[in-house]
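# Secondary and tertiary structure notes
Given next are the chains, with one letter for each unit.
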Amino acid sequence: MAYVSLYRKWRPQTFSDIVGQDNVVKTLKNAIKLDRIAHAYLFCGPRGTGKTSTAKILAKALNCEDGPTVDICGECSACNKITNNNSIDVLEIDAASNRGINEIRELREKVKFSPTEGNYKVYIIDEVHMLTTEAFNALLKTLEEPPEYVIFILATTEPNKLLSTILSRCQRFDFGRLSINDIIERLSYISEQEEVEISHKAMSAIARNAGGGMRDAISILDQTISYAGSEITIDDVSAVLGMVDRDILIGLTKIMIDHDVEEALNLVSDIIGQGKNISQFVDDLIHHFRNLLLLKECTDTNKLIEVGADEKEELKSLVGDLLVGQILRWIEILNEMSYDLKQTTQQRLILEMGIIKLVKSETDKSMDTILNRLTKLEEQVANGQIVSQQQDQAKDEEKNKKQQQVQQSSKSTSQQAKQANSTTPKQNDEKSQNHTEHEHKDSKVADLDAPEDVEIDQIKSQWNEFLDYLKKQDMKLAAFLRDAKPFKIENNKLLLAFKHEFHKNQIENKKQVVEKALKKLLGVSLRIECIVADNNKQQEKSEEEKVRDHPLVKEALELFSGQVVKVEKLDQK
Amino acid sequence: MSFDNVLGQETVITILQNALNKDRLSHAYIFTGKQGVGKGTTAFEFAKAANCHNQVDDACDECLSCRKANNDNHPDIKEIKAEGASIKIEQIRELQQEIMYKPYESKKKVYIIYQAEDMTLSAANSLLKTLEEPPSYAIIILLTNNLNQLLATTISRCQLVRFKRIPYDLIKENLIEDYDLTAAKGQLIASLADGRYDYACQLIEDEEQLERREDVIEFLVNFPNIDKVQLFEKVQDLLNYKDEINQILEVMITWYRDLLLLDLGQEDKIINADYLDELKHNLVEFEAKEIEKIIEVLENSNELIKNYNVNLRLSLEVMLLKLKRVRRF
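Small disclaimer: the values here were computed from a predicted structure and weren't measured. (Residues numbered from 1 in each chain as written. Chains lettered and ligands numbered in written order. Predicted model: local features only at pLDDT ≥ 70, side-chain atom pairs only at ≥ 80, totals over all residues.)

### Looking at the overall build of chain B
Of regular secondary structure, chain B possesses 15 helices and 5 strands. In terms of overall dimensions, chain B has C-alpha extents of about 70 × 45 × 30 Å along its principal axes. In chain B, 72% of the contacts between residues at least 6 apart in sequence involve partners at least 24 apart. (Helix = DSSP H or I, 4+ residues; strand = E, 2+ residues; numbered from the N terminus. Contact = placed C-beta atoms within 7 Å.)

The following block contains the structure:
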């Protein structure tokens, strides 16, 4: 006999073959045993869950030579004919192709004739949701009161498209998606019969990929056998499905924790270059984060997570650095991505944008991320990780002392820190401040913002050293910073003047890294603000003044002989 | 003409040749992958190989069957394409009738359905039963650019064969060899093609396409300085290229993607590498958030125009106005 697809070859032939639909099978069996067979059944459920197969088995059970029975012999001529689709009494109708009223009229004519061989005449109407409204209505009367020997079995994936008058005339059975274990069980049975060796990992990958459809699962198995022969490993399944390695998922998680956009994009172009299945990758990622989430939240995860022990350990080590809100946010972004991927033909672009969003999710300014950061802070406070400012400064002093020993700088930084601690502003501080102000030809504004604990000269003198230090941490960042000069300090903010807009943007994206490094090396906690050198003057002129000086405003004031009461900044976006 | 003709799809060819060698041909396949990665060629070669008199796992191109196929008059290799905008239920009904007749002269009767996502809902549904249990000699191959537009019930009945993008280097080398290009031009076209060899060939053979790209990019570079009146004039321009509108939008999307990557300091991953200076210049005008928003707007319009029956002029106008509004000034 010619080769037949595995999913056709291994169609369930008896009630006991049906996997995962216990309540359906039990009800049908009891109905047969108790002789309470209805005249119309509706089988609905997603693809590959066994609707049509169950319908055929029911037909066999009714027409088997031993009379209606739950133990189908599978050998008598009636059973054989039904299996081979050539029984006169069991008619399988493709409602999607024969969807008009004429076909239904024809059917109604034929219903009158009693069965020729078996006990019952069984009409299996598959894909019944595609019948036209007229056809449905023409069927109603027959469906309600067919001759006693006629049984209708309607099968569909979309019961919502049926008329309520149809639904109310049938006994409805809902077929659920199959669980992963059910699928694995069946796959291992089939591969045993086919004399194929397949690893458990491979089977569970297939089962996860099948999305609850047995036919999908067997189809993939079939294809993998064609691809790999009689020994199947997880690698073969990955190749056929275009799946991404688990290691890559874990790698990406680490990248996301580190906020490393460049690595992330490299990874994406690798994945695309290797022709991986992008939607599959995103779904895998969602699954991966779900596992992380469960590990974070639940104590007993054995039943919920299907991964090996060593992998679990690896996941657990990742979880430590993560917050629940963050993972949820990631999953949300991925879900959005997964939806967008289905709409688009530009999958690569959607993936790139999504990954960028994931990696940068913390710097994102949306409400959710701000909430996230808030909870992170709260958590830290609760754990006592945040120390009060004074303690902090004491720590800084210690650090500074250490530094001093190394570099013998002219000014003792620890003293300075102490100076800053005391409330009275030090004169030399002001002097040096004035000095810098002269350089930048602007004394008015800066006078008001005397530095609180460091002065710009100190930073300037240690700037090169700072760059060297940063270089060890982040080459790229240090390179961008070379373009910048520390300019002045106001409101506890260090202004950096850049020559190029591009470099400025780069640093702005990674402010925290620079701030952290500043704190570590110089022992000062300053915030960073970046400006482009050419715009210095405009920058310093306060926004309010700019508005007041605007010719339009002046003219308006003159026209109405009014005065400016308040200058308010509006959100421009 | 044989499987050698298919560029850069080794995994696919292995799957198909193994199936041929082991006599494990499935009755239904779905070939999925981007437009222009070689699905059509592969399907055709596969059909030839299945019927070839001399070889088992490839087409010999010499036997009667292969020659007939090459001349497009093989009686047992049938192709179904959209009639007008879609593949209609009548075409599928015809297939269902025809498929019942045994092949005239060969082992297998092969149906290739191009752009299977173009099937109407009723056509797709009516194919289901046939797709599940066709006669033993039949093979049905569905080709699709977007798997997600097929019914889950359709997909579940077929073996899924995924075509990947053709690697950049492979495209480049082949282009330079086949068309005798300079290395620079080969690089440019290979990166524009984004894994689609057929599209790359189109770009070379149809000079206009490249010119159009230049036009679009010029427009984008000047976009910040264009006022609304000029915007409407541009829409009028674009309407002259009704059939290529999706490609034009694609160029626009790629441009902003490049901007976004440049903003992140990823200069080496840029597609429009020949316009690097303009890109850098253009970048000053935008913030990352704005670029993301722009891409979103473009994506949306692209989907609307492709999948729904929208008024092209209106949707383009709305799109450009939205883009204008995204910007700060």
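### Brief notes about the overall build of chain A
Helix and strand counts for chain A come out as 30 helices and 10 strands. Every one of the 573 residues in chain A was classed for burial, and the buried ones make up 35%. (Buried ≥ 20, exposed ≤ 12 C-beta atoms within 10 Å, placed from the backbone.)

### As for the UniProt feature "domain: AAA+ ATPase" (unreviewed entry) in chain A
The residues that UniProt annotates with the feature "domain: AAA+ ATPase" (unreviewed entry) are residues 37-179 of chain A. In this annotation, residues 37-179 of chain A is assigned 33% helix and 19% strand; the end-to-end C-alpha distance for the span is 29 Å. (UniProt positions renumbered as here; feature names shortened; annotations may be inferred.)

### Some details on helix H30 (residues 551-560) of chain A
H30(A) sits mainly on the outside: 0 of its 10 residues count as buried. Looking one or two residues beyond H30(A), the residue adopting positive phi is Ser561(A), at roughly 40°.

### Re the interface of chain B and chain A
Listed by partner, the interface residues are 45 residues for chain B and 44 residues for chain A. Broken down by secondary-structure element, the contributors of at least two residues to the side of chain B that touches chain A are helix H1 (10-21), helix H4 (89-98), helix H5 (121-132), helix H6 (152-156), strand E5 (159-162), helix H12 (245-263) and helix H14 (288-307) of chain B. Of the residues contributing to the side of chain B that touches chain A, the split by class is 10 nonpolar, 18 polar and 17 charged. (Nonpolar A, V, L, I, M, F, W, Y, C, P; charged D, E, K, R; others polar.)

### Notes on the packing of H4(B) against H5(B)
Residue and element names in this part refer to chain B. Two elements in contact, H4 and H5, have axes whose closest approach is 8 Å; the angle formed by their N-to-C orientations is 15°. Relative to H5, the element H4 lies roughly parallel. Read as a crossing pair, H4 and H5 show a hand that is left-handed. The segment H4 lies against H5, with Ile89, Gln91, Ile92, Arg93 and Gln96 engaging Ser122, Ala123, Ser126, Leu127 and Thr130. Among the residues making up the contact of H4 with H5, the classes are represented as 4 nonpolar, 5 polar and 1 charged. (Axes fitted to C-alpha atoms, helices over the stretch in contact; angles between N-to-C directions. Parallel < 35°, antiparallel > 145°, perpendicular 65-115°, else oblique. Left-handed = near helix turned anticlockwise from the far one by under 90°.)

### Some thoughts on the environment of Ile291(B)
Residue and element names in this part refer to chain B. Secondary-structure assignment places isoleucine 291 in helix H14. For isoleucine 291, a count of 23 C-beta atoms within 10 Å translates into the label buried. Between the alpha carbons of isoleucine 291 and tyrosine 256 there is a distance of 6.4 Å; along the sequence they are 35 residues apart. Once you skip the residues sitting within four places of it in the chain, isoleucine 291 turns out to touch Tyr256, Leu259, Leu260, Asp263 and Phe286.

### What about the sheet that holds strand E3 (residues 121-126) of chain A?
Residues and elements named next belong to chain A. Taken together, 5 strands build an open sheet; the order of strands is E2-E3-E4-E1-E5 and the sheet is parallel. If you trace the sheet from one side to the other, it starts and ends with strand E2 (90-94) and strand E5 (171-174), each paired once. Direction aside, neighbouring strands of the sheet carry axes that sit 15° apart on average. Note: E2 against E3, 5 bridges, orientation parallel. Looking across to E3, one finds that aspartate 94 is bridged to aspartate 126. (Pairing = 2+ DSSP bridges.)

### What to know about the nonpolar core
Counting residues in hydrophobic clusters, the biggest one holds 109 residues, and the most contacted among them are Phe43(A), Ile153(A), Leu154(A), Ile113(B) and Ile141(B). Grouped together as the second largest cluster of nonpolar side chains are 85 residues, Leu187(A), Ile198(A), Val261(A) and Val282(A) included. (Core = buried A, V, L, I, M, F, W, Y, C linked by C-beta atoms within 7 Å.)

### Quick word on the confidence of the model for chain A
Taken over all residues, the pLDDT of chain A has a mean of 80, while the share at 70 or more is 83%. Note that pLDDT drops below 50 for residues 409-452 of chain A; the model gives that stretch 51 contacts with residues more than four away or on any other chain. (pLDDT = per-residue confidence, 0-100.)

### Topic: unusual backbone geometry
Backbone geometry at Ser561(A) places phi at a positive 40°, although glycine is not the residue there. Positionally, Ser561(A) belongs in the segment after H30. With 6 C-beta atoms packed within 10 Å, Ser561(A) lands in the exposed category. In the Ramachandran plot, Asp61(B) falls in the positive-phi region, its phi being about 70° despite a non-glycine side chain. With respect to the secondary-structure elements, Asp61(B) resides in the loop between helix H2 (39-51) and helix H3 (64-70). On the neighbour-count criterion, Asp61(B) (17 C-beta atoms within 10 Å) is partly exposed.

### Remarks on the pairing of strand E1 (residues 28-32) of chain B
Residue and element names in this part refer to chain B. The element E1 is largely enclosed, with a buried count of 5 among its 5 residues. By the alternation rule, side chains of E1 split into Ala28, Ile30 and Thr32 and Tyr29 and Phe31, which are all buried. As paired strands, E1 and strand E4 (residues 138-144) are joined by 5 bridges and run parallel to one another. Bridge assignment links phenylalanine 31 to a residue of E4, and that residue is leucine 143. The sheet contact formed by E1 and E5 spans 4 bridges and is parallel. When the bridges of E5 are listed, threonine 32 appears paired with arginine 162.

### A look at the confidence of the model for chain B
Looking at chain B as a whole, the pLDDT averages 86, with 99% of positions reaching at least 70. With pTM at 0.71, the complex prediction returns an ipTM value of 0.82.

### Remarks on the environment of Ala138(A)
All names here are of chain A. Tracing the chain through its elements places alanine 138 in helix H6 (residues 133-144). For alanine 138, a count of 20 C-beta atoms within 10 Å puts it in the buried group. Put simply, alanine 138 and isoleucine 101 are 37 residues apart on the chain and 6.8 Å apart in space, counted from C-alpha to C-alpha. Look past the residues within four positions of alanine 138 in its chain and what remains in contact with it is Ile101, Ile104 and Arg105.

### Quick word on the sheet that holds E4(B)
All names here are of chain B. The strand order E2-E3-E4-E1-E5 describes an open sheet built from 5 strands, whose pairing is parallel. The sheet terminates laterally at strand E2 (77-80) and E5, the two strands that pair on one side only. Across the sheet, the mean angle separating the axes of adjacent strands is 20° when strand polarity is ignored.

### Thoughts on the packing of H14(B) against helix H15 (residues 312-326) of chain B
All names here are of chain B. The N-to-C vectors of H14 and H15 enclose an angle of 175°; their axes lie 10 Å apart at closest approach. Here H14 lies roughly antiparallel to H15, going by the angle between them. The segment H14 lies against H15, with Glu290, Lys293, Ile294, Val297, Leu298, Ser301, Leu304 and Ile305 engaging Leu312, Ser315, Met319, Lys322, Leu323 and Val326. Residues of the contact of H14 with H15, tallied by class, amount to 9 nonpolar, 2 polar and 3 charged.

### Quick word on the environment of Ile176(B)
All names here are of chain B. Locating isoleucine 176 in the fold gives a position in helix H7 (residues 168-179). Using a count of 17 C-beta atoms within 10 Å as the deciding quantity, one classes isoleucine 176 as partly exposed. Sequence-wise, isoleucine 176 and leucine 238 are 62 residues apart; in three dimensions their C-alpha atoms are separated by 32 Å. With sequence-adjacent residues up to four places away left out, isoleucine 176 is seen in contact with Leu181, Ala183 and Gly186.

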